[in-house]
Amino acid sequence: MARVLIVGAGPTGSLCAALLRRELPQRPLRIVLWDKARGAGGRMTTSRSPHNPRCTADLGAQYITLRPAYAQKHQSFYEDLLAHGVLKPLTAPVEGMVMEEGSHNFVTPQGISSIVKHYLTESGADVFYEHHVTQIYLRGGKWEVCKKTGSPEQFDIVVLTIPVPQILQLQGDIVNKMKNALLSVDALLLGRSYYRGDALYYNERQNLIKESQKQQLESVSYSSRFALGLFYEAGTWIDVPWAAQYITNNPCIRFISIDNKKRNIESSEFGPSVVVHTSVPFGTAHLEWDKEKVQPIILDHLENIMPGLPKPTSIKCQKWRYSQVTKAIPSCPGQMTLHIKPLLVCGGDGFTHSNFDGCIDSAICIVEALKTNL
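Along each chain, the written sequence defines residue order, and numbers are assigned to residues from 1. Given that this is a predicted model, residues contribute local features only at a pLDDT of at least 70 and side-chain atom pairs are listed and counted only at 80 or more, while totals for whole chains, interfaces and linings are drawn from all residues. Water and hydrogen atoms were dropped before computing side-chain values, which therefore reflect all heavy atoms in the structure.

**Details of the pairing of strand β16 (residues 225-231)**
Stage number 1. Using a 1.4 Å probe on the protein chains alone, a residue whose accessible area is under 20% of its type maximum counts as buried, one over 50% counts as exposed, and one in between counts as partly exposed. We count a stretch as a helix when DSSP gives it H or I for four or more residues in a row; a strand needs E for two or more, and each element gets its number in order from the N terminus. With seven of its seven residues buried, β16 lies for the most part within the structure.
Stage number 2. As paired elements, β16 and strand β20 (residues 314-320) share seven bridges and run antiparallel to each other. Each bridged residue has a counterpart across the sheet, and for G229 the counterpart in β20 is K316.
Stage number 3. Pairing analysis gives five bridges linking β16 to strand β19 (residues 273-278), with the strands arranged antiparallel. Following the sheet pairing, G229 is matched in β19 by V275. If DSSP finds at least two bridges between two strands, the strands pair.

Okay, structure coming up:
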């Protein structure tokens, strides 16, 4: 049974796992997903109040937009999510929203991470959290994948769906190291015959990413921002006429959502939650700051926009170093095959564009690349 490792339990990784299971039902594959976070979602993450887990806030993507260009191409994916109750139409008022004609917006009653969880369940994959991949080595025709803690494991196929800068940070045979300097030292220490024999070994193992591929990967860029989730106790009333609002006249805050109101959910059993997203310029300017220093600045700006906002029972601050793709891989190929035998493929929104349809496109392209080379 071939072992397939998908790194990243976000929308692209989870859908890739589901499509593999759906399209190759007769092929004996053991699909494994690793993610460095403590739960599923990636940038489709839903955070829970430590006082009441039913009080949730979407700290990443806020809602899903189906644009006319994808209405027919991706229709089956939306119909599936609607049929399972994962999506429902967004009907709550969102002030300042700019809508393309023919577009449709959807919300997730159980939080945005429910999309990812739906696909993980469908895939039947073995999912492991707090598995932070650090190195990838080529060992005897398989990939040996190392993580920060625990023993390395071997896989027949590896798919990387993490942000492109994190792919470039991986160590091991995936990077092009200073092999000439190493070989020169080996030659001096161990003799010319060892140098000759191992030069091929180094050349085989150190050039897994072609220089042209590396340049394309290095060209990808992302915006950065912070997000706050404010959680309230049951019975708290937040008196505003909107469910969400885009802010244009504040140097810090770009978007505010009353998350339960956005999803049309009112309950006496759990309180509301408020989500605040900063602007990209603010996120970039404070990117290297500790979250503990940034949080009070955002709260001060929030107080100016919403004076008298009740005091929350808890607050979570999320730093999105890689928020949305501002420049994708040229021509948006959906995936990049770094090695064929054994297969090493990478994908995600850095290879398409930053929305749900971009993740669907990438997952489809990854699975097609795997099917072609299996």
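Structure's up, so let's keep going.
**A few points about unusual backbone geometry**
Stage number 1. A cis amide bond links K341 to the next residue, P342, at an omega of -5 degrees.
Stage number 2. Secondary-structure assignment places P342 in the loop between β22 (335-339) and β23 (343-347).
Stage number 3. The residue S331 is not glycine, and still its phi comes out positive at about 70 degrees.
Stage number 4. By the element assignment, S331 lies in the loop between β21 (325-327) and β22.
Stage number 5. With a relative accessible area of 75%, S331 lands in the exposed category.
Stage number 6. Positive phi values are uncommon outside glycine, yet C332 reaches one of about 45 degrees.
Stage number 7. Note on placement: C332 falls in the loop between β21 and β22.
Stage number 8. Here C332 falls in the partly exposed class, since its relative accessible area comes to 38%.

**Remarks on the sheet that holds strand β18 (residues 253-258)**
Stage number 1. The sheet built from six strands is open, its strands ordered β7-β17-β18-β19-β16-β20 with mixed pairing. Both edges of this open sheet fall to β7 (94-95) and β20, since each of them pairs with a single strand only.
Stage number 2. Whether two residues are in contact is decided by their heavy atoms, any of which lying within 4.5 Å being enough. Note on definitions: angles span 0 to 180 degrees between N-to-C directions of axes, and those axes are lines fitted to C-alpha atoms, for helices only across the stretch in contact. Against the sheet, helix α10 (residues 291-305) contacts β16, β18, β19 and β20, and its axis sits at roughly 70 degrees relative to β16.

**What about the environment of Q295?**
Stage number 1. Secondary-structure assignment places Q295 in helix α10.
Stage number 2. If sequence neighbours within four positions are ignored, Q295 has contacts with L228, I315 and C317.

**Comments concerning the pattern of salt bridges**
Stage number 1. Salt-bridge detection follows one rule: a side-chain nitrogen of Lys or Arg within 4 Å of a carboxyl oxygen of Asp or Glu. Enumeration over the complete set of coordinates arrives at 17 salt bridges.
Stage number 2. The partner of K262 in a salt bridge is D58, with the nearest N and O atoms 3.4 Å apart. Of this pair, K262 sits in helix α8 (residues 259-262) while D58 sits in strand β4 (residues 56-58), and the two are 204 residues apart along the sequence.
Stage number 3. D58 sits in the buried class, given a relative accessible area of 0%.
Stage number 4. Across the pair R263 and D58 runs a salt bridge whose closest N-O atoms are separated by 3.5 Å. Of this pair, R263 sits in the loop between α8 and β19 while D58 sits in strand β4, and the two are 205 residues apart along the sequence. For the residue pair R263 and D58, the accessibility class agrees, reading buried in each case.
Stage number 5. Here the residues in one salt-bridge network are D58, D259, K262 and R263, joined through shared partners.

**Structural notes on helix α1 (residues 11-23)**
Stage number 1. A helix is expected to span 1.5 Å multiplied by its residue count minus one. With 13 residues, α1 ought to run about 18 Å at 1.5 Å a step, and its terminal C-alpha atoms sit 18 Å apart, in line with that.
Stage number 2. With ten of its 13 residues buried, α1 lies for the most part within the structure.
Stage number 3. If you check which residues of α1 are buried, you get P11, T12, G13, S14, L15, C16, A17, A18, L19 and L20.
Stage number 4. Turning to α1, the residues buried within the fold contact β1 (2-7), β2 (29-35), α2 (75-83), α3 (113-123), β13 (157-160) and α11 (356-373).

**Looking at the sheet that holds strand β11 (residues 142-147)**
Stage number 1. The four strands are arranged β12-β11-β10-β14 in an open sheet whose pairing can be described as mixed. The open sheet is flanked by β12 (153-155) and β14 (171-172), the only strands paired with a single partner.
Stage number 2. Of the strand pairs in this sheet, strand β10 (residues 133-139) and β11 are connected by six bridges, and their pairing is antiparallel. Residue pairing across strands places Y137 opposite E144, the latter belonging to β11.

**Things to note about α3**
Stage number 1. Along α3, eight of the eleven residues are buried, which leaves the element largely enclosed by surrounding structure.
Stage number 2. Regarding α3, the residues found buried are S113, S114, I115, V116, H118, Y119, L120 and S123.

**Considering the side chain of N250**
Stage number 1. Mapped onto the secondary structure, N250 falls in the loop between β17 (244-246) and β18.
Stage number 2. N or O atoms closer than or at 3.5 Å make up a polar contact, with two conditions inside protein: a donor-capable atom paired with an acceptor-capable one, and, for residues adjacent in sequence, both atoms drawn from side chains. Polar side-chain contacts of N250 include one of 2.8 Å to the backbone nitrogen of C252.
Stage number 3. Separated by 3.4 Å, the side chains of N250 and H301 make a polar contact.
Stage number 4. Dropping the residues within four chain positions of it, N250 is found in contact with H301 and I305.

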